[in-house]
Structure formats: structure tokens, C-alpha cells
Amino acid sequence: MKKLTALFLSLVLVFTLAACAGDNDSTTTTKAPETSSNAPSDTSADKTSSEAEPSTSASKTGKALVVYYSASGNTKRVAQDIAAAANADLFEIVPTEVYTSDDLNWTNKNSRVSREHEDESLRDVPLTTTKVENWESYDTVFIGYPIWWAIAAWPVDNFVKDNDFSGKTVIPFATSSSSGMGQSGTLLAEMAGTGNWQEGHRFSSGASSSDVQSWVNDLGL
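Every value quoted in this text rests on a predicted model; they were computed, and no experiment measured them.

Cut-offs and rules
Residues numbered from 1 in each chain as written. Predicted model: local features only at pLDDT ≥ 70, side-chain atom pairs only at ≥ 80, totals over all residues. Heavy atoms only, no water. Helix = DSSP H or I, 4+ residues; strand = E, 2+ residues; numbered from the N terminus. Buried < 20%, exposed > 50% of the residue type's maximum accessible area, 1.4 Å probe, protein only. Contact = heavy atoms within 4.5 Å. Areas by Shrake-Rupley, 256 points an atom, 1.4 Å probe, with all protein chains shown as cover. Pairing = 2+ DSSP bridges. Right-handed = clockwise from strand over helix to strand, strands pointing away. Salt bridge = Lys/Arg side-chain N within 4 Å of Asp/Glu carboxyl O. Axes fitted to C-alpha atoms, helices over the stretch in contact; angles between N-to-C directions. Parallel < 35°, antiparallel > 145°, perpendicular 65-115°, else oblique. Left-handed = near helix turned anticlockwise from the far one by under 90°. Arc of directions from axis to C-beta.

A few words now on the overall build of the protein. If you tally the helices and strands in the protein, you get 7 helices and 7 strands. Reading the protein from its N terminus to its C terminus gives the helix and strand order α-α-β-α-β-α-β-β-α-β-α-β-β-α. Within the protein, the proportion of its 221 residues that are buried is 33%. Looking at the protein alone, contacts between residues at least 24 apart form 76% of all its contacts between residues at least 6 apart. Working note: accessible area of the protein is about 14,000 Å², and carbon and sulfur atoms make up 51% of it.

See below:
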């Protein structure tokens, strides 16, 4: 009887030790290995993905330019007010032979403007330059001039002919003491042959800065 009891206790002890050994192996093999913070990453793949991202920068610059010819200073003043209201750059059209006050005396049939009015061949007025620096960067171009005999003062013509207005919104404006815009804007658009020309606006010779700013604000630029 004592032998059977001893044998039974021995078997129990063997099974207990085997079970404990099995639990220890399970714990060791299922423990996840620690990952190193210096593990290499697929940087080449990341770079390729980043370079493949399309550009989100706008294609248009939104810049505006005010081009003007001023014979007596009225158009210049309005042009400066437009530039201030539209945060635009300025470019002055300057004839190589500047018009004097006598030249501009339209009541004198022998004055320069009177002779040019009568003879269209004389209206090809040379300019100091028609080239605007960074012209391609402007999306909106204002073009200002005084009204001469119901049309745009012809010193503007060569500037319009010499520049490509493709992709630009062109907004003419004029100054006069009494005459309206007439067909001045339409004739310049035909002369240019390019650009999206808008309806023009005529300012009186004594237009206030607030009137000019109100007009620019209404354009929604």
C-alpha cells in the first residue's frame, strides 16, 4: 500500500513539473520583439509620392496694370487713383515728341492735333517705348486716354498695336470735359485683335478720387 502511494505521488510530481515547463515556453515564444526606433524606412517611396503631388498654386497672378496717356494731366490723375484703388502698377504712354499746349489747341486749325485730326496718316505717333516690363504677369489691364474728336487720343494706338493682350481682361477709361466714351473702346479692341475687352467708363475732367474708387470697387477685381 505504501509503495502504491509513493508511486502515485511520484507521477503527480512529474506531471506538475511538465506543466510548469510548458507555461514558461508559451510565455517566451509569444512575447513580441521590441522594434528599434532606428529601423530604416522606404524613403525613396516617400520621395516619389511627394514629388507626384500636383501643384496647387494658382496659374493666374491677379496683378493689374494701369496704362495711360495724359495730354493735360487729367487722365494721369484718374489713372493714379485707379492704381491706388486696384493696387495696380502704372505705365505712362509718352510720345517721343511731347504735345505742347499749343499743339493741343484744337480751336486752331493749324495746331498739331488739328492737322492730325484732318490727316489720319499723321496719327502714327512714335512713342518712347511700348514695352512693359513683365507684361505677361498682368491679368487685368486698364487703358486710359483723353477723348479727341469722339475717339481715343491717338498716341494710345501704337501701344495697343504693339502688345499682345491674349488672356488679359482689358478695361478702357477716358477723361473728357463733355464728350462720352463713344466707340473709343470698341475701336481699340478691334485694333488690338486680342484680349477680353470690357465696356469702358468715362470720367469728367474734375472726377473725384472717391468717384474713381467707387467705380473700381464695383468692378469686383
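Our focus in this paragraph is the pairing of strand β2 (residues 89–92). Working note: regular strand, side chains alternate between the two faces of the sheet. When strand β1 (residues 63–68) meets β2, the two strands line up parallel, connected through 4 bridges. Directly across from V66, in β2, lies its bridge partner L90. After leaving β1, the chain enters helix α3 (residues 74–86) and then returns to the sheet as β2, a path that is right-handed.

Attention shifts here to the pattern of salt bridges. On inspection of all chains with the given rule, the structure shows 2 salt bridges. Here D103 and R112 are joined by a salt bridge, their closest N and O atoms 3.9 Å apart. Each of the two residues, D103 as well as R112, counts as buried. A salt bridge links R112 to E116; the shortest N-O distance between them is 3.1 Å. Of the two residues, R112 and E116 both sit in helix α4 (residues 112–118), 4 residues apart, roughly one turn of that helix.

With that out of the way, let us pick up the packing of α3 against helix α7 (residues 209–219). Packing of α3 against α7 brings their axes to within 9 Å, and their N-to-C directions diverge by 50 degrees. With respect to each other, α3 and α7 are oriented oblique. As for the relative orientation of α3 and α7, their crossing is right-handed in sense. From α3, V78, D81, I82, A85 and A86 reach across to α7, where they touch S209, V212, Q213, W215 and V216.

This part is about unusual backbone geometry. Of note in this structure, N87 is not a glycine but carries a positive phi near 55 degrees. Mapped onto the elements, N87 comes out in the loop between α3 and β2. Even without being glycine, A150 reaches a positive phi, approximately 70 degrees. Locating A150 in the fold gives a position in the loop between β3 (138–148) and β4 (151–152). When its relative accessible area of 44% is taken as the criterion, A150 is described as partly exposed.

Turning next to the pairing of β1. Summarising burial for β1: 5 of the 6 residues are buried, a large majority. Pairing of β1 with β3, which is carried by 6 bridges, proceeds in the parallel orientation. Paired with A64 across the bridge in β3 is T140.

What follows deals with α7. Of the residues making up α7, those classed as buried are V212, W215 and V216. The buried residues of α7 all sit within an arc of 95 degrees when viewed along its axis, so they share a single face. What points out from α7, more than 90 degrees from its buried face, is the exposed set S210 and D218. Next to the buried residues of α7 lie α3, β3, β5 (169–176) and β7 (201–204). Downstream of α7 by a residue or two, G220 has a phi angle that is positive, lying close to 65 degrees.

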